[in-house]
Amino acid sequence: MARDLQASQEFYGAVLGWSFRPTSLGDEFSVALADGEPVAGMGALASSLQAAVAWTPYFVVDDADATTARVRERGATVAVGPLAMNTGRAVLAADPDGAVFGLWEGRTIPGWSVGQGSGPARLELRTRDAFAAAIFYGQVLDWGSEERDSCEVRYENEQVLVRDGTHMVAALRGGAVESAPDPQVRPRWHVSFRVADVDAAAGAAGAAGGVVLASPVTARGGREVTVRDPDGGLFTVTTA
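Residues numbered from 1 in each chain as written. Predicted model: local features only at pLDDT ≥ 70, side-chain atom pairs only at ≥ 80, totals over all residues. Heavy atoms only, no water.

**Q** Tell me about the packing of aromatic side chains, residues and numbers included.
**A** According to the stated counting rule, one finds 17 aromatic pairs in the structure shown. Seen in terms of ring centroids, W55 and F193 are 5.2 Å apart; in terms of plane orientation they differ by 65°. Their pairing is edge-to-face. You can see W55 sitting in the loop between β3 (37-43) and β4 (58-60) and its partner F193 sitting in strand β12 (residues 188-194), a full 138 residues away along the chain. Taken individually, W55 and F193 each receive the classification buried, so the pair is uniform in this respect. Grouped by ring-pair contacts, the aromatic residues F11, Y12, W18, F20, W55, F193 and F235 constitute a single cluster. (Phe/Tyr/Trp six-rings, centres within 6.5 Å; stacked < 30°, edge-to-face > 60°. Helix = DSSP H or I, 4+ residues; strand = E, 2+ residues; numbered from the N terminus. Buried < 20%, exposed > 50% of the residue type's maximum accessible area, 1.4 Å probe, protein only.)

Structure follows, in structure tokens:
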């Protein structure tokens, strides 16, 4: 969600090479395309809302009502929904530590997933207690369930990793500090997008009004750097 949709499209187009197409939800929503394939959704934040701009993951569920009930039962917060939209129903929530996430019941893009194809390269939950978070999301989203096909949950390299078949869907890691003012360590979901050239993307971000938070580094088999867009939204660009 962006304060100025057109300006955000221009920024992400310059940094990530994205193009955009409208959606059935109206002029205030668009789909971002990488090489013609959908990679993310963007929408205009209502001017009356003072919410922070951020990338928010939406997890597909079979029953928005039942999943929303599980969110509340486990001490988390439901901010919006289930809200009926043209192609489904959406929920916006925050987990017990305050990390914001969404739920979606409805039409999806076939085969689209984090970690493969045109989807984002990586999705990470940066939180205070990765194990507690894994229990919460596992119970809410049926991760690790033996009763039906679901994502597999494992602990590796001091992270809780969530896999769907052969590819990783999300990583949950702890270490945030209570009431820390640094937006990089407060509990939140963080998204990484693939680029061909991290240094070129970092340079484009600075030229387009964004802030590169540190020099690019080599990590996870590629190069990456974290960027803050002009509205304050954080994301990482990576070649991995």
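Anyway, onward from the coordinates.
**Q** Describe the pattern of salt bridges, and please don't skip the residues or the numbers.
**A** Counted according to the given criterion, the structure contains nine salt bridges. Of the charged contacts in the structure, one is a salt bridge between E124 and R122, with a shortest N-O distance of 4.0 Å. By the burial criterion, E124 is buried, and R122 matches it. Note that R126 and E124 form a salt bridge whose closest N and O atoms lie 3.2 Å from each other. Ionic contacts of the salt-bridge type, sharing partners, join the residues R122, E124, R126, R173 and E224 into one network. (Salt bridge = Lys/Arg side-chain N within 4 Å of Asp/Glu carboxyl O.)

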